[in-house]
Amino acid sequence: MTDISKDRFLDALEGVGRPVATADQVARELDCTQAEAAEGLAALVDEGEIERADVETDPVVWYPRDWLELTDRERVVPFPDRREIVVDQPSQLTRAQLSRFAHLADTTRTGSYRYEIREEDVWAAPFDSLDDLLAAMDEVLPRDLPGLTEWVREQWTRATRFRLRTHEDGYVVLEANNESLLGNVAEQKLADDVLRAPISDTEAWVAEEKVAELKRTLYEAGYPVQDDRDLESGEPLEVSLDLELREYQQDWVDRFVDASSGVLVGPPGSGKTVAAMGALEAVGGETLVLVPSRELAAQWREELLANTNLTRDQIGEYHGGEKHVRPVTIATYQTAGMDRHRHVFDDREWGLIVYDEVHHIPAEVARRSASLQSKHRLGLTATPVREDDKEADIYTLVGRPIGTDWDALFDAGFVAEPEVEIRYVPWRNDDDRYEYASAGGHTRRRLAAENPAKEDEIEHLLGQHADKQALVFVDYLEQGERIAERIDAPFVNGETPHSRREVLFDQFRTGALDALVVSRIGDEGIDLPDAEFAVVASGLGGSRRQGAQRAGRTMRPGSQSLLFVLATRGTEEEDDARSRMRHLSAKGVRVTESGADSD
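Everything quoted here is computed from the prediction, not taken from an experiment.

Procedures and definitions
- Residues numbered from 1 in each chain as written.
- Predicted model: local features only at pLDDT ≥ 70, side-chain atom pairs only at ≥ 80, totals over all residues.
- Heavy atoms only, no water.
- Helix = DSSP H or I, 4+ residues; strand = E, 2+ residues; numbered from the N terminus.
- Buried < 20%, exposed > 50% of the residue type's maximum accessible area, 1.4 Å probe, protein only.
- Areas by Shrake-Rupley, 256 points an atom, 1.4 Å probe, with all protein chains shown as cover.
- Polar contact = N/O pair within 3.5 Å; in protein donor to acceptor, adjacent residues only side chain to side chain.
- Expected span 1.5 Å × (residues − 1).
- Arc of directions from axis to C-beta.
- Contact = heavy atoms within 4.5 Å.
- Salt bridge = Lys/Arg side-chain N within 4 Å of Asp/Glu carboxyl O.
- Phe/Tyr/Trp six-rings, centres within 6.5 Å; stacked < 30°, edge-to-face > 60°.
- Lys NZ or Arg CZ within 6 Å of the ring centre and 35° of its normal.
- Core = buried A, V, L, I, M, F, W, Y, C linked by side-chain atoms within 4.5 Å.
- Axes fitted to C-alpha atoms, helices over the stretch in contact; angles between N-to-C directions.
- Parallel < 35°, antiparallel > 145°, perpendicular 65-115°, else oblique.
- Left-handed = near helix turned anticlockwise from the far one by under 90°.
- Nonpolar A, V, L, I, M, F, W, Y, C, P; charged D, E, K, R; others polar.
- Pairing = 2+ DSSP bridges.
- pLDDT = per-residue confidence, 0-100.

Asks: An account of the overall build of the protein chain is needed here, citing residue identities and associated values.
Replies: Within the protein chain one finds 25 helices and 25 strands. The buried share of the protein chain, taken over its 599 residues, is 55%. Carbon and sulfur atoms form 42% of the exposed surface of the protein chain, whose accessible area is close to 26100 Å².

Asks: Give me the lowdown on unusual backbone geometry, citing residues and values where you can.
Replies: If you check the backbone angles, glutamate 357 has positive phi at about 50 degrees while not being a glycine. As for its placement among the helices and strands, glutamate 357 is situated in the loop between β16 (352-356) and α16 (364-370). Under the relative-accessibility criterion, glutamate 357 is labelled buried at 11%. Even without a glycine there, the phi angle at aspartate 488 is positive, about 55 degrees. Within the secondary structure layout, aspartate 488 lies in the loop between α22 (477-487) and β21 (491-492).

Asks: Summarise the side chain of arginine 501; cite the residues concerned and give the values.
Replies: Within the fold, arginine 501 resides in helix α23 (residues 498-510). On the basis of relative accessibility, which here comes to 8%, the residue arginine 501 falls in the buried class. There is a polar contact of 2.7 Å between the side chain of arginine 501 and the side chain of glutamate 295.

Asks: Could you give an account of α23, naming the residues involved and the relevant values?
Replies: Side chains of residues three or four places apart in an α-helix project in the same direction, reflecting 3.6 residues per turn. With 13 residues, α23 should reach 18 Å at 1.5 Å per residue; the first-to-last C-alpha distance of 18 Å fits that figure. Among all positions in α23, only Arg501, Leu504, Phe505 and Phe508 are buried. When α23 is viewed along its axis, its buried side chains cluster within an angular range of 100 degrees and face the same direction. In this structure, α23 carries Ser499 and Thr510 as exposed residues pointing more than 90 degrees from its buried face. Tucked into the core, α23 has its buried residues touching α13 (294-307), β20 (470-473), β21 and β22 (515-518). Among the residues trailing α23, glycine 511 stands out with phi positive, at a value near 90 degrees.

Asks: Tell me about the pattern of salt bridges, and name the residues and values.
Replies: What the rule picks out here adds up to 36 salt bridges. Linking glutamate 154 and arginine 161 is a salt bridge whose minimum nitrogen-to-oxygen distance equals 3.4 Å. By relative accessible area, which is 29% here, glutamate 154 ends up partly exposed. Salt bridges here are not isolated pairs; linked through shared partners, they connect Arg446, Glu450, Glu455, Asp456, Glu459, Glu478, Arg482 and Arg486.

Asks: Any chance you could break down the packing of aromatic side chains for me, citing the residues and the numbers?
Replies: By convention here, two paired aromatic rings are described through the distance between centres and the angle between planes. Summed over the entire model, instances satisfying the criterion amount to 6 aromatic pairs. Both rings, one in tryptophan 427 and one in tyrosine 436, keep their centres 5.4 Å apart while their planes meet at 40 degrees; by these two values the pair is tilted. Comparing tryptophan 427 with tyrosine 436 shows no difference in burial state: the two are buried. The aromatic ring of tyrosine 223 is capped on one face by arginine 158, whose charged end is 4.4 Å from the ring centroid. A cation sits over an aromatic face here: arginine 444 above tyrosine 436, 4.1 Å from the ring centre.

Asks: So what's going on with the nonpolar core? Which residues, and what values?
Replies: The nonpolar side chains of a soluble globular protein tend to be buried, and buried together. Of all hydrophobic cores here, the largest spans 31 residues; its most connected members are Trp300, Leu304, Ile330 and Leu378. Among the elements of the structure, α11 (247-259), α12 (272-283), β13 (287-291), α13, β15 (328-332), β16 and β17 (376-381) are those that each provide at least two residues to this core. It is α12 that contributes the most residues to this core, 6 residues altogether. Residues in contact with tryptophan 300, not counting those within four places in the same chain, are Thr273, Ala276, Met277, Val289, Val291, Ile330, Val354, Asp356 and Leu380.

Asks: Run through the packing of α12 against α13, naming residues and quoting values.
Replies: Interhelical geometry of α12 versus α13 gives an angle of 60 degrees and a closest axis separation of 11 Å. The angle between α12 and α13 places the two elements in the oblique class. The handedness of the crossing between α12 and α13 comes out as right-handed. Where α12 approaches α13, its residues Thr273, Ala276, Met277 and Leu280 are matched on the opposing element by Trp300, Glu303, Leu304 and Asn307. Looking at side-chain class alone, the contact of α12 with α13 contains 5 nonpolar, 2 polar and 1 charged residues.

Asks: Which residues make up the environment of alanine 38, and what values go with them?
Replies: Mapping alanine 38 onto the fold places it in helix α3 (residues 34-46). In this structure the C-alpha to C-alpha distance between alanine 38 and alanine 27, which are 11 residues apart in sequence, comes to 8.3 Å.

Asks: Any details on the sheet that holds strand β9 (residues 195-200)? Residues and values, ideally.
Replies: A sheet is described by the order of its strands in space; here 5 strands give the open sequence β9-β10-β8-β7-β11, paired in mixed fashion. The strands lining the two open edges of the sheet, one partner per strand, are β9 and β11 (225-228). If you compare each strand with its neighbour and ignore which way they point, the axes differ by 25 degrees on average. Sheet topology note: the β9/strand β10 (residues 203-206) ladder contains 4 bridges and is antiparallel.

Asks: Explain the pairing of strand β3 (residues 75-79) to me, and be specific about the residues and the numbers.
Replies: Alternating residues of β3 divide into Val76 and Pro78, all buried, and Arg75, Val77 and Phe79, none buried. By the bridge criterion, 5 bridges tie β3 to strand β4 (residues 84-88) in an arrangement that is antiparallel. For valine 77, the partnering residue across the bridge sits in β4 and is valine 86. Where β3 hands over to β4, the hairpin turn is made up of 4 residues, of which arginine 83 adopts a positive phi near 55 degrees.

Asks: How would you sum up the environment of serine 5? Please name residues and give values.
Replies: Mapped onto the fold, serine 5 is located in the segment before α1 (6-16). Put simply, serine 5 and glutamate 49 are 44 residues apart on the chain and 9.1 Å apart in space, counted from C-alpha to C-alpha. Here arginine 8 takes part through its backbone nitrogen, which lies 3.2 Å from a polar atom of the side chain of serine 5.

Asks: Could you give me a rundown of the packing of helix α19 (residues 430-438) against helix α20 (residues 441-449), with the residues and numbers involved?
Replies: The N-to-C vectors of α19 and α20 enclose an angle of 155 degrees; their axes lie 8 Å apart at closest approach. Between α19 and α20, the angle falls in the class roughly antiparallel. In the crossing of α19 with α20, the sense of the turn from one axis to the other is left-handed. Touching Glu435, Tyr436 and Ala437 of α19 are Arg444, Leu447 and Ala448, all from α20. Residues belonging to the contact of α19 with α20 are distributed by class as follows: 4 nonpolar, no polar and 2 charged.

Asks: I'd like a description of the environment of isoleucine 4, backed by residues and values.
Replies: Within the secondary structure, isoleucine 4 sits in the segment before α1. Spatially, the C-alpha atoms of isoleucine 4 and glutamate 36 are 9.1 Å apart, while their sequence positions differ by 32 residues. In contact with isoleucine 4, not counting residues within four places along its chain, are Phe9, Leu30, Glu36, Ala37, Gly40, Leu41 and Leu44.

Asks: Would you mind going over the confidence of the model for the protein chain in detail, with residue names and values included?
Replies: Residues at a pLDDT of 70 or more form 80% of the protein chain, whose mean pLDDT is 80. The element-level mean pLDDT for the protein chain is lowest in helix α24 (residues 544-552), coming to 43, with β10 highest at 95. Long-range and interchain partners of residues 385-389, a stretch whose pLDDT sits below 50, account for 15 contacts in this model, where long-range means more than four residues apart. Considering only residues more than four positions removed or in separate chains, one finds that residues 541-558, a stretch of pLDDT under 50, has 86 contacts.

Written out as structure tokens, the structure reads:
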């Protein structure tokens, strides 16, 4: 007799696509005879595991005794023709696996997730080979999907059809796999001033100042370009790291050195800055580090001094506060993108350029800094997503992603998996609700964001977790001031002087401050390693990146990590909150929803 367990029967139902099945259908799914299936199913009935029923159109159908077993059980249902995957009740591991090659397009309150596999997801998938990518897909998809596999294979191949190389005489050459690609794709899609002249049927001379434009244009046309140019290696600089890299950090460094360019994608707390210092040691050349803020520049300087053999004389900062170029120079994107400062960076040969918080690159001022080219280009980010859908610019201007599954880091204890909860807060009274209902546009959104009832909930949450240091994030100054006064905590915002910010951040790090209220400046570039608890009082609409950044402020090892996202019930904030947290769900973080405790 074929051994048919309850789990195997549920697997068969998923294959059939119905909550009931005949013995013949179960036999086909489990690759056994109809008689064996009927006998095994009868045994399950005797054990009280499933039920049977006689129906008019078929002698017998079989179904689970507890129908909830179908809805509470993880189910992965692919739709290969649409290149979509719908997953009900996915485990954290399943979500983490899918995030490596698919884009989370939608979620529902009932625990259903819809993923899309787009061209750019295949091009940017963090795998060394097509076989590795296909193996990862096989691990999560319930059955072979030849059509989808063939499409993925075609997209992977597309990413190898154009490459840039350096001619022996020093100029840049675009090389195509065949004559048709050069003539019918490159020459048709690119502006007239990008290609200077043909060299052969498959090669063309590229205007060096147009390389970034060429890469973006061909990417948008469906052809990512491999960049194999002989770029500047910079003056040698002997750097040694005074700490040992974790296994996955060393893997990041090794893969980066092999590729010469790439973007490290990992959760906050996973040590991307440390890995970047490991890359600096491996490259051994003068280095430019680009950052979004002066605070982050100062943090980089202190990290380099604490963890490498570099001296203060070897590290310079170049921004609005000071302007010193050294063998290792840390500059802000804004300063490096200004025309009057460009020659400072252009005139020096860099062995390595590090783009910290690389998701800034598509912005206009930061994009200008991306034209600075080096043999080694390294981006760092936890959240490459952008609301303007310009993630492609990150990979065309800097390099392909090099990442580690967030799930693996959670399991290993290197990063604390945050407990993320969206809390729906009611209006304080009917007057507030009526004012919201009669408003429109930005006023309507702001009223929901600044719902005074959120202040009660924040005070309640801080009281519940009085043993933890707390961060409270806001997007509006007036709201931040009210909350800061209510909970007796400092409010750090764009108007806070840099010197005052640094004092408050140091007090928070050392435990002298129990709580901080922080505006948008806290979304990145601030090192708050001891933040175990955070409340998002208001956020930037549905910004996925902001949601992940704010959650990231609690994702540190060694503690239970808590994040509460407040949204006014019955308003657009409900959908916005779910959208902000969607990126975390895609990375394997479990997000729950509940009503406020304080009402």
